[in-house]
Amino acid sequence: MKGIPITLRYDCATSGTGIKTKVKCRFIRKKTGDDGFAHFPEAGSLKDIDDIFSLPIEYGVVCCDISKPVIPGTGTIKFQRRSLGEMLHWIFIGD
């Protein structure tokens, strides 16, 4: 699918303990192109890539989480179009 936002999370650092734990990460966001892929050519030079994920409102992930990805490589995430009710639920309550 074209135009779905995909986020690459990397270089995460934690501080604090217990309920005061804070996690700070860096992100690169791209959209899938005409070929249905989000290309991250800079990924080979990034340190500590943590996850690749999508949080679109219009499409929900139905398969294939890419946590701890292997770079270089290709991963697949399958999407399903959300109904209006599902989109509103995602906006106000979360996934």
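Summary of the structure given here. Bear in mind the structure is a predicted one, so any value in this text is a computation, not a measurement.

**Regarding the pattern of salt bridges**
Scanning all chains against the criterion turns up 7 salt bridges. Between Asp51 and Arg9 there is a salt bridge, with the nearest N and O atoms lying 3.4 Å from each other. On the criterion of sequence distance, the pair formed by Asp51 in strand β3 (residues 49-53) and Arg9 in strand β1 (residues 5-15) is long-range, its members being 42 residues apart. With relative accessibility at 11%, the residue Asp51 sits in the buried group. Residue Arg9 is classed as partly exposed on the basis of its relative accessible area of 22%. A salt bridge links Arg81 to Glu58; the nearest nitrogen and oxygen atoms lie 2.6 Å apart. With Arg81 in strand β6 (residues 78-81) and Glu58 in the loop between β3 and β4 (59-63), the pair connects residues that are 23 residues apart, well separated along the chain.

**So, the layout of surface pockets**
Size it by volume and the largest pocket reaches roughly 570 Å³. For the largest pocket, the lining is made up of 26 residues, of which Phe37, Ala38, Ile66, Thr74 and Gly75 are closest to its centre. Looking at side-chain class alone, the lining of the largest pocket contains 17 nonpolar, 8 polar and 1 charged residues.

**Overview of the pairing of β3**
Each regular strand displays side chains that alternate between the two surfaces of the sheet. Counting buried residues along β3, 5 of its 5 residues qualify, which places the element largely inside the surrounding structure. In this structure, β3 lies alongside strand β5 (residues 66-67), joined through 2 bridges in antiparallel fashion. Directly across from Ile52, in β5, lies its bridge partner Ile66.

**Re the side chain of Asp50**
With respect to the helices and strands, Asp50 occurs in strand β3. For Asp50, a relative accessible area of 19% translates into the label buried. A distance of 2.7 Å separates the side chain of Asp50 from the side chain of Arg9, its partner in a polar contact. Look past the residues within four positions of Asp50 in its chain and what remains in contact with it is Arg9, Tyr10, Cys12, Ser67, Lys68 and Pro69.

**Considerations on a nonpolar patch on the surface**
Among the surface-exposed residues, Ile57, Leu84, Leu88, Ile91, Phe92 and Ile93 lie close enough to one another that they form a single nonpolar patch of about 650 Å² accessible area. The exposure class assigned to Leu84 is exposed, which follows from its relative accessible area of 59%.

**Here we look at the nonpolar core**
A general feature of soluble globular proteins is that nonpolar side chains tend to end up buried together. Residues Ile6, Leu8, Phe40 and Phe79 are the most contacted members of the largest nonpolar core, which totals 13 residues. Elements with a minimum of two residues in this core: β1 and β3. Sorting elements by how many residues they give to this core places β1 first, with 3 residues. In contact with Leu8, not counting residues within four places along its chain, are Arg26, Phe27, Ile28, Phe40, Ala43, Leu46, Ile49, Asp51 and Ile52.

What counts as what
Residues numbered from 1 in each chain as written. Predicted model: local features only at pLDDT ≥ 70, side-chain atom pairs only at ≥ 80, totals over all residues. Heavy atoms only, no water. Salt bridge = Lys/Arg side-chain N within 4 Å of Asp/Glu carboxyl O. Helix = DSSP H or I, 4+ residues; strand = E, 2+ residues; numbered from the N terminus. Buried < 20%, exposed > 50% of the residue type's maximum accessible area, 1.4 Å probe, protein only. 1 Å grid on protein atoms, 1.4 Å probe; cavity = no way out; pocket = protein on both sides within 12 Å on 5 of 7 lines; lining within 4 Å. Points joined across faces, edges and corners; volume = space filled by probe spheres on them. Nonpolar A, V, L, I, M, F, W, Y, C, P; charged D, E, K, R; others polar. Pairing = 2+ DSSP bridges. Polar contact = N/O pair within 3.5 Å; in protein donor to acceptor, adjacent residues only side chain to side chain. Contact = heavy atoms within 4.5 Å. Patch = residues over 30% accessible without salt bridge, like charges linked within 9 Å, V, L, I, M, F, W, Y side chains within 5 Å. Areas by Shrake-Rupley, 256 points an atom, 1.4 Å probe, with all protein chains shown as cover. Core = buried A, V, L, I, M, F, W, Y, C linked by side-chain atoms within 4.5 Å.

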